[in-house]
Protein chains: 2
Amino acid sequence: MKLKSFEHFNCSLAQTLSVIGEHWNMLIIRDAFFGLRRFDQFQKNLGIARNVLSDRLKKLVKAGVLAKSDGPGHAEYRLTQKGLALQPIMIAMTHWGDTYMPHPEGKRLTFIDRANGKPIKTVGVYSADGKLLKPKEIMTKTGPGLRDEQA
Amino acid sequence: MKLKSFEHFNCSLAQTLSVIGEHWNMLIIRDAFFGLRRFDQFQKNLGIARNVLSDRLKKLVKAGVLAKSDGPGHAEYRLTQKGLALQPIMIAMTHWGDTYMPHPEGKRLTFIDRANGKPIKTVGVYSADGKLLKPKEIMTKTGPGLRDEQA
DNA sequence: AATTTAAGTTTTATAATAAGACTATACTGA
DNA sequence: TCAGTATAGTCTTATTATAAAACTTAAATT
């Protein structure tokens, strides 16, 4: 049957998944972070079927993550502000894969602070005063946008 | 045709997606963070079809994200260390959804430091000395685990 | 022994995906 | 100008994945 969409959950995580949760989307977004902008660049780099890429780019534009513009003789897709804001997610996911599903020869990619060439801090959960928190040191509080539906 | 799996990409992000990228997986993991442990708890809370839940729990156990144990008269699924390490991703995704696809009445969930009741810092990318970095202030360096395949 | 609870599996109809062929449009060089 | 090429798609077909509900199995309860 139809793949259940998460859009109608009143849940911030499900909302996010409705945009980036589809197969390929996060890899397309990563490629956009690495500077790819054109249909065929994405297609060749990922090996994605053209119709699927076409559909995903359309959806990502509609969701406001990418913006389409006309370059000289070709279309261009660039990350919007909303798309750029996905960077912590992208980096956290890359870091988790590097740590828990490592390549035998070592790290694949390191993210660097352009200003000083030093690696960035591990993406993690930090307390207001900057201490790295462990999973069980964190709890949740419900806000006005949530009644007794799902979190 | 067969859904292309990302397992064989030499890419940390694709590796992560091969574990958490499937439909429902991240919501199952979130529910596990919120303390759910049993088949029917997940099933009822998410409204997921039973066969799909069965398959996903099996895969998450196989991937080492959840561990299955026998409780009194029922099975239990708990996050492993590897699963707990997904928390920054989960929180970053929740935060993005809250910011860019907000509920009209306000925040749905806030994450709190258990020690002092204060909200955690925004999950983001920080420099070695603790400054919040903008997307374009970050670059990447390839490591030994990466030849000239994809990032 | 019969009922209930829990955790799945099976079945069936529908929807999504991959692969490659095909199309439309604009640019390029002779 | 006109053939050729690059780019960005769309269309077709076969296959695979999903959802929903009914069914099964096993243990605990009454």
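### Notes on the overall build of chain A
Phase 1: A tally of helices and strands in chain A yields six helices and four strands.
Phase 2: Ordering the α and β elements of chain A from the N terminus gives α-α-α-α-β-β-α-α-β-β.
Phase 3: Taken along the three principal axes of its C-alpha coordinates, chain A extends 55 × 45 × 30 Å.
Phase 4: Counting every position in chain A, which comprises 151 residues, the buried fraction comes to 48%.
Phase 5: Of the contacts made within chain A by residues no fewer than 6 positions apart, 39% connect residues no fewer than 24 positions apart.
Phase 6: Entry remark: accessible area of chain A is about 7,700 Å², with carbon and sulfur atoms responsible for 53%.
Phase 7: Considering chain A, the positive charge centre built from 24 side chains and the negative charge centre built from 14 side chains are found 1 Å apart.

### So, the relation of the copies chain A and chain B
Phase 1: Here chain A sits on chain B after a turn of 180 degrees about the axis and a move of 0.0 Å along it, with an RMSD of 0.0 Å. Seen this way, the second copy is the image of the first under a two-fold rotation axis. When C-alpha distances to the rotation axis are compared across chain A, the minimum falls at Ile89(A), with a value of 2.9 Å.
Phase 2: In this assembly, 100% of the residues forming the interface of chain A have copies in chain B that are likewise at the interface, indicating an isologous arrangement.

### Thoughts on the packing of helix α2 (residues 25-33) of chain B against helix α4 (residues 50-62) of chain B
Residues and elements named next belong to chain B.
Phase 1: Here α2 crosses α4 at 75 degrees, and the two axes come no closer than 11 Å. Considering the angle they form, α2 stands roughly perpendicular to α4. For the pair formed by α2 and α4, the contact residues are Asn-25, Ile-28 and Ile-29 on the first element and Leu-53, Arg-56, Leu-57 and Leu-60 on the second.
Phase 2: Per-class residue counts for the contact of α2 with α4 are five nonpolar, one polar and one charged.

### Examining the environment of Ser12(B)
Phase 1: You can see Ser12(B) is positioned in helix α1 (residues 12-20).
Phase 2: Residue contacts for Ser12(B): discarding those within four places in its chain leaves Met93(A), Thr94(A), Gly97(A), Asp98(A) and Arg108(A).
Phase 3: Among the polar contacts listed, one links the side chain of Ser12(B) to the side chain of Asp98(A), at a separation of 2.6 Å.
Phase 4: Reaching out from Ser12(B), the side chain makes a polar contact with the side chain of Arg108(A) at a distance of 2.8 Å.

### Overview of the pattern of salt bridges
Residues and elements named next belong to chain B.
Phase 1: One pass over the structure, following the stated rule, counts 20 salt bridges over all chains.
Phase 2: In this structure, Asp-98 engages Lys-107 in a salt bridge whose closest nitrogen and oxygen atoms are separated by 3.3 Å.
Phase 3: By relative accessible area, Lys-107 is classed as partly exposed at 38%.
Phase 4: According to the relative accessible area criterion, Asp-98 is buried, its value standing at 10%.

### Structural notes on the interface of chain A and chain B
Many descriptions give the size of an interface as the accessible area lost when the pieces come together.
Phase 1: With 83 residues of chain A at the interface, the matching set in chain B holds 84 residues.
Phase 2: Both sides together, the interface formed by chain A and chain B hides about 7,900 Å², and carbon and sulfur atoms give 65% of it.
Phase 3: Broken down residue by residue, the surface that chain A buries against chain B is led by Leu13(A), Trp96(A) and Arg108(A), which jointly contribute 10%.
Phase 4: The tally of links between chain A and chain B comes to zero salt bridges.
Phase 5: In this assembly, chain A and chain B are joined by 34 residue pairs in polar contact (both at pLDDT 80 or more).
Phase 6: Elements supplying a minimum of two residues to the side of chain A that touches chain B: α1 (12-20), α2 (25-33), α3 (39-46), α5 (81-84), α6 (87-100), β3 (109-113) and β4 (138-142) of chain A.
Phase 7: Top element by residues in the side of chain A that touches chain B is α6(A). It accounts for twelve residues.

### Section: the environment of Glu137(A)
Phase 1: As for its position among the elements, Glu137(A) is in the loop between β3 and β4.
Phase 2: In this structure Glu137(A) comes out as partly exposed when scored by relative accessible area, which is 33%.
Phase 3: With near-sequence residues (within four places) excluded, Glu137(A) lies in contact with Leu132(A), Ile112(B), Asp113(B) and Arg114(B).

### Overview of unusual backbone geometry
Residues and elements named next belong to chain A.
Phase 1: Located in the positive-phi region is Trp-24, a residue other than glycine, with phi close to 85 degrees.
Phase 2: Mapped onto the fold, Trp-24 is located in the loop between α1 and α2.
Phase 3: Using a relative accessible area of 7% as the deciding quantity, one classes Trp-24 as buried.

Parameters at a glance
- Residues numbered from 1 in each chain as written.
- Chains lettered and ligands numbered in written order.
- Predicted model: local features only at pLDDT ≥ 70, side-chain atom pairs only at ≥ 80, totals over all residues.
- Heavy atoms only, no water.
- Helix = DSSP H or I, 4+ residues; strand = E, 2+ residues; numbered from the N terminus.
- Buried < 20%, exposed > 50% of the residue type's maximum accessible area, 1.4 Å probe, protein only.
- Contact = heavy atoms within 4.5 Å.
- Areas by Shrake-Rupley, 256 points an atom, 1.4 Å probe, with all protein chains shown as cover.
- Lys, Arg positive; Asp, Glu negative; His and termini not counted.
- Charge placed at Lys NZ, Arg CZ, Asp CG, Glu CD.
- Least-squares fit on C-alpha atoms with pLDDT ≥ 70 in both.
- Axes fitted to C-alpha atoms, helices over the stretch in contact; angles between N-to-C directions.
- Parallel < 35°, antiparallel > 145°, perpendicular 65-115°, else oblique.
- Nonpolar A, V, L, I, M, F, W, Y, C, P; charged D, E, K, R; others polar.
- Polar contact = N/O pair within 3.5 Å; in protein donor to acceptor, adjacent residues only side chain to side chain.
- Salt bridge = Lys/Arg side-chain N within 4 Å of Asp/Glu carboxyl O.
- Buried area = accessible area lost by both parts, 1.4 Å probe.

So yeah, pure geometry; function would need other evidence.
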